[in-house]
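# Breakdown of the fold
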Amino acid sequence: MEIAKGENHYTATCASCGKDALKVTELYTDIPRFGNAVMITMNCPDCGYRVFDVISLEDRGPVKVSYHVKSPRGLSARVIRSSTSTVTIPELGLELVPGNRSDAFITNIEGLLDRFLAVGEQLVRSAEGEAERKNAEAAMQRIKEAMDGRVAFTVTLSDEFGNGAILSPDGDPPSPSS
Ligand SMILES: [Zn+2]
C-alpha cells in the first residue's frame, strides 16, 4: 500500500475549550518494522490542551507482545505506545493503561522507565503517609536497578487496534504473549 508521506497542518475546534484554535499536525511516516503510520499532534494555544497519538495505517489487528530485557542492550528496544496501548512490567509492578490522560509516545525501554520514574517522584511528593512514601521510594529503587541493567524484566504491550509495538535492537521480533 502506497501512502503519501509528509505533513498536514490545519486548525480545528478544541475539544477542551471549544474555540477554533486547535493546531493539528499530521505527520505521515514509515516507521521501520512498524509500517505506515500517522503521528498526530494537537495543541491549543488558547487553553493549553495537548494531545499526541500514533495510529498505524497498516491492517495489523490486535497486538500483544512481550520483550524480555536481559542486558543493558535490551534497554534500547523501541516502544511505540499509542493512547490505546497497555504497557506492563510485571517484575517491577508497573502498568500504564489507556485512559483520559494517557499520552502516546515513541521512546526506548530506558525512556519508558524514565517515565515511570517521573511518576514515582510525583508519588513520593504527594504521599500522605510514611508507608505510602516508602512504597513509592522502593518502587523507584527497583526502576533504577532495572535501568542500570542489574535486574532482568519483561515489558509487555497490548493494543487491540494494533497501534503499538516493541521493536528489539537486534531486529528479532518480540515473542507474542498470551
Ligand atoms: Zn483549547
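Nothing here was measured: the structure is a model prediction, and the numbers come from that model.

If you trace the three strands from one edge of the open sheet to the other, you get 9-6-11, paired in antiparallel fashion. The outermost strands of the open sheet, each flanked by one partner alone, are strand 9 (105–108) and strand 11 (165–167). Averaged over all pairs of adjacent strands, the angle between their axes in this sheet comes to 15 degrees, without regard to strand direction. The pairing of strand 6 (residues 78–81) with strand 11 spans three bridges and is antiparallel. Along strand 11, the bridge assignment pairs Val 79 with Ile 166. Packing against the sheet, helix 1 (residues 109–126) makes contact with strand 6 and strand 9, and its axis sits at approximately 110 degrees to strand 9.

With that out of the way, let us pick up the sheet that holds strand 2 (residues 22–31). If you trace the four strands from one edge of the open sheet to the other, you get 1-2-3-4, paired in antiparallel fashion. Across the chains shown, the open sheet's two edge strands, defined by having one partner strand only, are strand 1 (6–12) and strand 4 (50–56). The mean inter-strand angle of the sheet, taken between neighbouring strand axes irrespective of direction, is 15 degrees. Bridging between strand 2 and strand 3 (residues 35–43) involves nine bridges; their strand directions are antiparallel. Bridge pairing in strand 3 places Asp 30 opposite Asn 36.

With the rule as written, the count across this model stands at one cavity of 30 Å³ or more. A volume near 30 Å³ is recorded for the largest cavity. Lining the largest cavity are Val 69, Lys 70, Ser 71, Pro 72, Leu 75, Ala 146, Gly 149, Val 151, Ala 152 and Phe 153. For the lining of the largest cavity, the residue count by class is seven nonpolar, two polar and one charged.

Let us now look at the coordination of the zinc ion. At this site the zinc ion is bound by Cys 14 (SG), Cys 17 (SG), Cys 44 (SG) and Cys 47 (SG), with donor distances of 2.3 to 2.4 Å. One way to put it: the four donor atoms around the zinc ion meet at angles of 106 to 114 degrees, and that makes the site tetrahedral. The exposure class assigned to Cys 44 is buried, which follows from its relative accessible area of 1%.

To continue, consider the domain arrangement of the chain. As assigned here, the chain comprises domain 1 (1–58) and domain 2 (60–178). Computed over C-alpha atoms, the centres of domain 1 and domain 2 are 24 Å apart. If you look at the interface, domain 1 gives eleven residues, while domain 2 gives 14 residues. Summed over both sides, the interface of domain 1 with domain 2 buries roughly 1,100 Å², with 57% coming from carbon and sulfur. Summed over the shared surface of domain 1 and domain 2, the result is zero salt bridges. Counting every contact that joins domain 1 to domain 2 gives four residue pairs in polar contact (both at pLDDT 80 or more). Looking at which element gives the most residues to the side of domain 1 that touches domain 2, the answer is strand 4, with five residues. For the side of domain 1 that touches domain 2, the class distribution of residues is seven nonpolar, one polar and three charged.

Scanning the entire structure with this criterion turns up five salt bridges. For Lys 19, the salt bridge goes to Asp 46, with nearest N and O atoms at 2.8 Å. Of this pair, Lys 19 sits in the loop between strand 1 and strand 2 while Asp 46 sits in the loop between strand 3 and strand 4, and the two are 27 residues apart along the sequence. Asp 46 gets classed as partly exposed once you look at its relative accessible area, which sits at 47%.

By secondary structure assignment, the location of Glu 110 is in helix 1. With 32 residues separating them in the primary sequence, Glu 110 and Arg 78 have C-alpha atoms 9.1 Å apart. What Glu 110 contacts, discounting residues up to four positions off in sequence, is Leu 75 and Met 147.

About the cut-offs
- Residues numbered from 1 in each chain as written.
- Predicted model: local features only at pLDDT ≥ 70, side-chain atom pairs only at ≥ 80, totals over all residues.
- Heavy atoms only, no water.
- Pairing = 2+ DSSP bridges.
- Helix = DSSP H or I, 4+ residues; strand = E, 2+ residues; numbered from the N terminus.
- Axes fitted to C-alpha atoms, helices over the stretch in contact; angles between N-to-C directions.
- Contact = heavy atoms within 4.5 Å.
- 1 Å grid on protein atoms, 1.4 Å probe; cavity = no way out; pocket = protein on both sides within 12 Å on 5 of 7 lines; lining within 4 Å.
- Points joined across faces, edges and corners; volume = space filled by probe spheres on them.
- Nonpolar A, V, L, I, M, F, W, Y, C, P; charged D, E, K, R; others polar.
- Donors = N, O, S within 2.8 Å, 3.2 Å for Na, K, Ca; no water.
- Tetrahedral: all angles 85-135°; square planar, octahedral: opposite > 155°, others 65-115°.
- Buried < 20%, exposed > 50% of the residue type's maximum accessible area, 1.4 Å probe, protein only.
- Domains from an automatic or database assignment.
- Buried area = accessible area lost by both parts, 1.4 Å probe.
- Salt bridge = Lys/Arg side-chain N within 4 Å of Asp/Glu carboxyl O.
- Polar contact = N/O pair within 3.5 Å; in protein donor to acceptor, adjacent residues only side chain to side chain.

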